Amino acid sequence: MKTKSRRILRGATVLALVAASATGPAQPAQAMNYSSAPLSAWTFTDSATPTTASVKPAGNAPVGSTVDGAGTTHTRRAYFTFDLAAFRGQAIHKASLSMYETEVADCTTPAPIEIWRTGKVTDKSTWRKSPAELELVAQRTLGAGPYCPGAYVSVDVAGYVTAALARNEKTLSFGVRLAAAAEPDPKAGRSLHPMLLSMTTNTVPTVSAQRLRNPDRACGTLDRHPAAGGTTYFTATVTDPDPNAYVTTDFSLWPVDNPETKTRFGYGYGFTPLVSTDLRAYPDGTVLAWSVQAKDDDDQGEWGKTCYLTIDNTAPAAAPAVIARKYVETQYPGAGGPGVAGTFLLDAQGDRDVVAFDYYENQSQISTTVAANHPGGRAKISVTPFRAGDDQLNARSVDRAGNRGPWKNYAFYVRDTAPRIDVLIGGVGLPSTINLYSRATDVTSFGFTVDGGPETTVPAVDSKATAQVVFATKGTKTIVSRSYAGKKMIGSDTQQIYVDDAPKLASAQFLFPAEPILGDQGTFTFTPRTTGVVAYLYDFGDGDQKRVDAAADGTATLAWTATKPGYFSLGVTSVTADGTRSTTAYDQFWVTDTRPAIWSDAGQCCPVRDGVGVPVRVSLSSDLPGVTGFVYSYDGGPEKTTTDGAAYTDVTVTPAHVGDSTFTARAIFADGTFSPSNTITISITNAPVVTNKGPYADYAVVGRESTLTFKPATPDVVSYRYQWIGDPDGSQTVDAAADGSAQVVWTAAYVSVPMLGVVAVSRDGTESDERRIYVEINDPGVEYEGSWNDWFPAGGVGVPGRLGFFGGWGGMADATVKYLWHVNDGAVQEVTRDENSSVTDVSYTPDRTGENTLYVQRQFTDGVLSPIRQYTLMVGAEVFVQSADYPAGSWKGGPGVAGTFHLSGGLPGVVSFDYRFTDGNGAEAAAGTAAADSSGAADVVFTPATGFSWHTLTVTGHTADGTATDETTYSFGVNQG
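Just so you know, these numbers come straight off a predicted model, no measurement behind them.

(A) Structural context of the environment of T840. By secondary structure assignment, the location of T840 is in strand β64 (residues 840–844). Among the residues examined, T840 registers a relative accessible area of 3% and is labelled buried. Other than its neighbours up to four places away in sequence, T840 contacts L803, G804, F805, Y819, V831, T832, R833 and D834. Within the structure, T840 has its side chain in polar contact with the backbone nitrogen of D834 (distance 2.9 Å).

(B) Summary view of the environment of K408. Position of K408 relative to the elements: it lies in strand β29 (residues 408–414). Relative accessible area serves as the criterion here: at 35%, K408 is assigned to the partly exposed category. Sequence-wise, K408 and Y359 are 49 residues apart; in three dimensions their C-alpha atoms are separated by 9.2 Å. Those residues in contact with K408 that sit more than four places away from it in its chain are A319, P320, V322, L393, N394 and A395.

(C) Just the state of the cysteines, in detail. Applying the stated criterion to the full structure yields two disulfides. One disulfide bridge connects C107 with C148, the sulfur atoms lying 1.9 Å from each other. One quick way to see it: the torsion about the S-S bond of C107 and C148 is about -90°, and its sign makes the bridge left-handed. Highlighted residues: C107 in the loop between β7 (90–104) and β8 (111–118) and C148 in the loop between β9 (133–142) and β10 (152–156), separated in sequence by 41 residues. A sulfur-sulfur separation of 1.9 Å characterises the disulfide bridge that pairs C219 with C307. The sign of the -105° torsion about the S-S bond sets the C219-C307 disulfide as left-handed.

(D) Summary view of the sheet that holds β64. Spatial strand order, β60-β61-β64: three strands in an open sheet with antiparallel pairing. For this open sheet the edge positions go to β60 (782–786) and β64, each flanked by a neighbour on one side alone. The average undirected angle you get between the axes of adjacent strands in this sheet is 30°. Relative to strand β61 (residues 801–807), β60 is paired through five bridges, and the arrangement is antiparallel. Counted as the bridge partner of V782 is G807 from β61.

What counts as what
Residues numbered from 1 in each chain as written. Predicted model: local features only at pLDDT ≥ 70, side-chain atom pairs only at ≥ 80, totals over all residues. Heavy atoms only, no water. Helix = DSSP H or I, 4+ residues; strand = E, 2+ residues; numbered from the N terminus. Buried < 20%, exposed > 50% of the residue type's maximum accessible area, 1.4 Å probe, protein only. Contact = heavy atoms within 4.5 Å. Polar contact = N/O pair within 3.5 Å; in protein donor to acceptor, adjacent residues only side chain to side chain. Disulfide = S-S within 2.5 Å. Pairing = 2+ DSSP bridges. Axes fitted to C-alpha atoms, helices over the stretch in contact; angles between N-to-C directions.

Below is the structure:
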């Protein structure tokens, strides 16, 4: 098992007496190996038999003294040797030596335990020749405590294991005994389960095969190493045999003559990391050393071997020469052809620094690197265009350091010689026809293959040919076709087609372009696209699948009558004698109803709006040709005729009673005849009709009275029960007037769009359906947007801006006459609402910096004023810049054309302005200080020296006490002149 942790435990020796614990075990660290060291040998020695060896005895390990029946005292000590071979090369994170009591002579007698690192256990280990005690590892007194026998001893011996491995020892041995003072006392004697050495280790990752990539170059030595420059790629191979290891790598490099400047330049992941860095900061000829260090989540490996490179940032100066053998034409009709390979030579023209070439062809855009036959030599490449027309080969030289020179672009024209193919697919196992043709007049034959099979060749006549092919299976097929002039292939093309065994469907009466009408009769013809068809299964999208037998030729004819209008999806599957079914073929068609379509909005939610006396919208339409209108009647009333002459129109009817009513309509044709009639039922709820009237319209206004009106749709209504849906106060009741209606005057407290539910109650207790309506509650206050806000200072004193006023929730623009406003303690001003905009703007110029307060309200059509709203305007300290000669954000003037820039505002008491003009490159064009006049303004004249350039003026004002305004920038364009 391998997990991961960043915590490393080393060296500390811990002896613990562990009993049952309420807490669970700690989670294992991730990226660790958990195992036990093999116990290669163990023994216990007995003072009563000082020369007797007992290697790997059965049972437990006795320590201390016992007295046998003959009165002989047996003093025993135990020794254990563990095999460390499996842990060589691993980092030891934890090593726990553990054992537990199995027998105790007297739990009331203290037993001081000693654990020693000892010599190795051998088959000659006896009391007289016992393993040497080398160093005391741990001590602990047993016997006291609630667990006896059963005390658990655990010792952290990671430091001892690490030290043994460092000494190249293959084993590590420990001994356990009672302390000398207690050892003779039989009451202190006990037996322990043999020692267990539990290991938590990690294999430290290593690196090898360090090298440069793109192009590949070796690690090198100080005396012999590769060159590199520009963006250089470095890689290495990381090895970590632990399962699920997650490794990362650090790449570092440094100048050989200045190793203290070692720099980490890359951080890689995985077992073959690839990192890059730009070496152009180093001058040519600099020798750099580099190395790689790998680490997993627990340990950091050693640095790999040191590699070297010499900096070469000088790319080849000249592009390679490109020499074509076939594609030598640059104009129509060109040379070669699609699919025809052409040989090109790339020549370094004697530049011995060039060892390779990059190249790609425009059509494929696949970049390839090819080695030169020798430094400064050539490379032969093959390029195969896949389409006719303009093409280009692009090549550049690559030197030993991987530097790339300029591109050479070799243009050529590919002759249009490839065949075109049309495949008339007959199906699976049936003949299909392939038509081939080419624009090349010298074509004598064509060849084609299917899915890489043998080529079929057919002669060409007038650059055309036809062939038959049988596809054995359905699916995607790849057809490679070729044009031949004699035996020479002059063009090739690849095309994919899909071969299907779904039957072919046809119907002159129902399928496109037919426009069937209800009642039409006709036939469908099913033609097989596979062999052995004996029947067809079909349905019209309703799931009612039926079967029709096929004739001897595999076809079938289905007679069908359109007995209902609407959309139909015909699905047909062919069936062979053995029951094999083909892919299902689908086609769709629409059967037009001879009757008009009728739809009404009665009963549509949400909420339902219909009711007695409430107009209902009815939509009439017909897809029949020649329809010029409709005649209709509602609820047994007289027929009416639409007057707009359209085949799609809306009419309204007003219900006079609750419940069902019929609506009947016929279409009118241009010749005065009528279609069959269609009738629908319009159902009207018996819920009361509920309306709201606010001070200006059907919406309510916060803080103003509105009136709800309830009108009955059922007889003998004596009251209404109403409730705002979701209101915790529940429902309320209002008595009805003699005519069955009622009114409720109410005042909205806050903005929302609540839903009201109303039920009419008749004298006999009968309740109507519930009517639900939304009531919009609008905000009478004024919202603000403009040049200033309450969180970031903007503008400055004397710098004009805008204040924008508009209605809050709901707007209430129709009821707003004007806005009244003032800033701070200024005079109240009025502005008429802008009827052409949702926001009414006014201009305002601040006279103080910092926090300003805007007060605004509006007047409604009834003369009522809304509550006053306050908004904080944070005014900054920017200078106001104006210029008619060079307006901000515009192009004007030209080189040598002077412009005047008027500076003002920012702060009260400004006495001067520091200014600076810069051109489009950021270079200073003019600068200085202008004294302000008594109004705090100054004019600065600037004459641009260059045209077709964007200039920027930066201005800062100063008061007499040195206080500075905010810095202001003003950008303008200078024409070419």
